[in-house]
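Each chain, written out:
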Amino acid sequence: MRVLVIGAGAAGLMAAGAARRRGHKVTLLEHSGQPGRKLLITGKGRCNLTNNCTEREFLQNVRSNPRFLYSAIATFPPEAAISLFEEELGLPLKTERGRRVFPQSDRAADVRDALLRYAGLLGGEGQSARLILEGAASLLLENGRCAGAVTTGGRRCPADAVLVATGGVSYPSTGSTGDGYRLAQSAGHSIRPPVPSLVSLVEQGDSCRQLAGLSLRNVRLTLLEDGAPVFSEQGEMLFTHFGLSGPLTLSASAHMGDPARHRYAACIDLKPALTEEQLYKRITGDFALLGAKNAENALTRLLPARLCGVMAARWDLPEQLRANQATRPQKQRLVALLKSFEIPIRARGDLEHAVITSGGVNVREVDPKTMASRLCPGLYFAGEVLDLDGYTGGYNLQIAWCTAQAFAARL
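Here the structure is a predicted model, which is why all the values come from computation and not from measurement.

**A few points about the pairing of strand β1 (residues 2–6)**
(1) Moving on: Most of β1 is tucked away: 4 of the 5 residues are buried.
(2) Moving on: Pairing geometry for β1 and strand β2 (residues 25–29), over 5 bridges, is parallel. Looking across to β2, one finds that valine 5 is bridged to leucine 28.
(3) Moving on: Traced from β1 through helix α1 (residues 10–21) to β2, the parallel crossover comes out right-handed.
(4) Moving on: Pairing of β1 with strand β11 (residues 161–164), which is carried by 4 bridges, proceeds in the parallel orientation. Note that in β11 the partner of valine 5 across the bridge is leucine 163.

**So, the packing of aromatic side chains**
(1) Moving on: All told, the structure shown has 4 aromatic pairs when counted by the stated rule.
(2) Moving on: Aromatic side chains tyrosine 380 and phenylalanine 407 sit 5.0 Å apart centroid to centroid with 65 degrees between the ring planes, which places their arrangement in the edge-to-face category. Of the two residues, tyrosine 380 is situated in strand β20 (residues 379–381) and phenylalanine 407 in helix α13 (residues 395–409); the sequence distance between them amounts to 27 residues.
(3) Moving on: Residue phenylalanine 407 is classed as buried on the basis of its relative accessible area, which comes to 1%.
(4) Moving on: Over the ring of phenylalanine 341 we find arginine 314, and its NZ or CZ is 4.2 Å from the ring centre.

**A look at the sheet that holds strand β18 (residues 341–348)**
(1) Moving on: Within the closed barrel, the 6 strands sit side by side as β13-β16-β15-β14-β17-β18. Their pairing is antiparallel. Sheet twist, expressed as the average angle between the axes of neighbouring strands with direction ignored, equals 45 degrees.
(2) Moving on: Pairing of strand β17 (residues 264–269) with β18, which is carried by 5 bridges, proceeds in the antiparallel orientation. Residue cysteine 267 lies in a different strand from β18, and its bridge partner there is glutamate 342.
(3) Moving on: The sheet contacts of helix α12 (residues 328–339) involve β17 and β18, and relative to β17 the element is tilted by about 110 degrees.

**Observations concerning the pattern of salt bridges**
(1) Moving on: Overall, the coordinates contain 20 salt bridges when judged by the stated rule.
(2) Moving on: Measuring nitrogen to oxygen at the nearest pair gives 2.5 Å for the salt bridge that ties glutamate 96 to arginine 46. Taken together, the residues span a long stretch of sequence, with glutamate 96 in the loop between β5 (93–95) and β6 (100–103) and arginine 46 in the loop between β2 and β3 (50–51) at a distance of 50 residues.
(3) Moving on: Using a relative accessible area of 23% as the deciding quantity, one classes arginine 46 as partly exposed.
(4) Moving on: Aspartate 269 is paired through a salt bridge with lysine 339; the nearest N and O atoms lie 3.0 Å apart. Pair noted here: aspartate 269 is in strand β17 and lysine 339 is in helix α12, with a separation of 70 residues, a long-range link.
(5) Moving on: Taking relative accessible area as the criterion, aspartate 269 reaches 12% and is therefore assigned buried.
(6) Moving on: Overlapping salt bridges bring together Arg46, Lys94, Glu96 and Asp106 as one network.

**Structural notes on the pairing of strand β9 (residues 145–151)**
(1) Moving on: By the criterion of burial, β9 is predominantly enclosed, with 6 of the 7 residues buried.
(2) Moving on: Direction of pairing for strand β8 (residues 136–142) relative to β9: antiparallel, over a ladder of 5 bridges. Residue pairing for β9: serine 138 is matched across the bridge by valine 150.
(3) Moving on: Two successive antiparallel strands, β8 and β9, enclose a turn made up of 2 residues, where asparagine 143 displays a positive phi of approximately 55 degrees.

**Regarding the nonpolar core**
(1) Moving on: Counting residues in hydrophobic clusters, the biggest one holds 84 residues, and the most contacted among them are Ile6, Leu69, Phe85, Leu386 and Trp401.
(2) Moving on: With 10 residues, the top contributor of residues to this core is α13.
(3) Moving on: For tryptophan 401, the residues in contact, after removing those within four places along its chain, are Ala10, Met14, Leu39, Leu49, Phe76, Ala81, Phe85 and Leu115.

**Regarding helix α9 (residues 276–289)**
(1) Moving on: Its 14 residues give α9 an end-to-end C-alpha distance of 20 Å, which sits within 8% of 20 Å, the value for a rise of 1.5 Å per residue.
(2) Moving on: Residues Leu279, Tyr280, Ile283, Asp286 and Phe287 constitute the buried set of α9. Across the axial projection of α9, the buried residues extend over an arc of 130 degrees, all falling on one side. Those residues of α9 that are exposed and aimed more than 90 degrees away from the buried face are Glu277, Lys281, Ala288 and Leu289.
(3) Moving on: Close packing links the buried residues of α9 with α10 (295–298), α11 (305–315) and α12.

**Looking at the packing of α11 against α12**
(1) Moving on: Across the interface, α11 lies against α12 with an axial gap of 10 Å and an inter-helix angle of 125 degrees. With respect to their mutual orientation, α11 and α12 come out oblique. As for the relative orientation of α11 and α12, their crossing is right-handed in sense. Across from Met311, Arg314 and Trp315 in α11, the residues of α12 making contact are Gln330, Arg333, Leu334, Leu337 and Leu338.
(2) Moving on: Considered class by class, the residues forming the contact of α11 with α12 number 5 nonpolar, 1 polar and 2 charged.

Rules behind the numbers
Residues numbered from 1 in each chain as written. Predicted model: local features only at pLDDT ≥ 70, side-chain atom pairs only at ≥ 80, totals over all residues. Heavy atoms only, no water. Buried < 20%, exposed > 50% of the residue type's maximum accessible area, 1.4 Å probe, protein only. Helix = DSSP H or I, 4+ residues; strand = E, 2+ residues; numbered from the N terminus. Pairing = 2+ DSSP bridges. Right-handed = clockwise from strand over helix to strand, strands pointing away. Phe/Tyr/Trp six-rings, centres within 6.5 Å; stacked < 30°, edge-to-face > 60°. Lys NZ or Arg CZ within 6 Å of the ring centre and 35° of its normal. Axes fitted to C-alpha atoms, helices over the stretch in contact; angles between N-to-C directions. Contact = heavy atoms within 4.5 Å. Salt bridge = Lys/Arg side-chain N within 4 Å of Asp/Glu carboxyl O. Core = buried A, V, L, I, M, F, W, Y, C linked by side-chain atoms within 4.5 Å. Expected span 1.5 Å × (residues − 1). Arc of directions from axis to C-beta. Parallel < 35°, antiparallel > 145°, perpendicular 65-115°, else oblique. Left-handed = near helix turned anticlockwise from the far one by under 90°. Nonpolar A, V, L, I, M, F, W, Y, C, P; charged D, E, K, R; others polar.

Written out as structure tokens, the structure is:
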């Protein structure tokens, strides 16, 4: 069978490798000039390629349309992805906090190269996929069927099966253009408008700007929507010149609705290992030891130096108050601030810096077992171009792997 894969990213390379292993003749189109380009920046250049969880746990971490993936994840669960990369492609892996799976080398390029080998583009065995460094200008639609595509260079590429695996529109600098949505619409498909997901949060105010570059570990971030918690998790986060970023923030952003309709705030517990009572005792002991210093300087035993000034401003004590002069209510106020350092949020970050896109091809118009279009025979979809997205932790690349494998398994 002649298979045309449009997009040589995570899903496209996985699909090309799986299809050629089944003896199909595969052609890959990639307009960016570099296959797997976005993979190189995932996981801060380390590539969190899946999550070492059960199928059920995986589905619980898919944010949009998890039921659509029941068949695909049964076809290719996380353990199958781990086995493919380690045993077939020779890439040693390791599992870290949150069951996130990374290459032992901590190099995203090694994951990309493993996929290139799988597709036969980098020393693979057997018939290699053919790579054309052009995009798809249009689909070849004949008698209600997709029979191939025409490249941006005017080349006709006839095919028996055409897979659109172009990704979304996040990180356009890596080649994501949203072309897949245009191709899908030309075949009659509807698109849920794409919005940024797994993205930084923009603050209302300037506290974060004062702390830009400061990274915090082992803190708890709780996202409040109209005063009610919608997300709470412990881990790492980062202050930026415009707001909050880092793993915790990306996870929280996936739980955020419309900022125009709801009021959002990020509350940071800076000392999650201590109860309020334990923290009060700690503060009392520290202040007794540092009695000659003013109260702001005494905070250096509790917080990173850069955070002390911002915290002191919120604490709002008399400027010359010494640490050992702080009253019980004043210390209780400090405890409350340390356990709930609040940052009002006014918006999500933009698509240019989102890890993934939420939205895409309506999955009701796609067969969940084969990834085939229900509207146009010969046309298929895989990966981020579909209206599927998960939380941070390797779930989105697992969506790419399992939808690509589901496509190839039933050709």
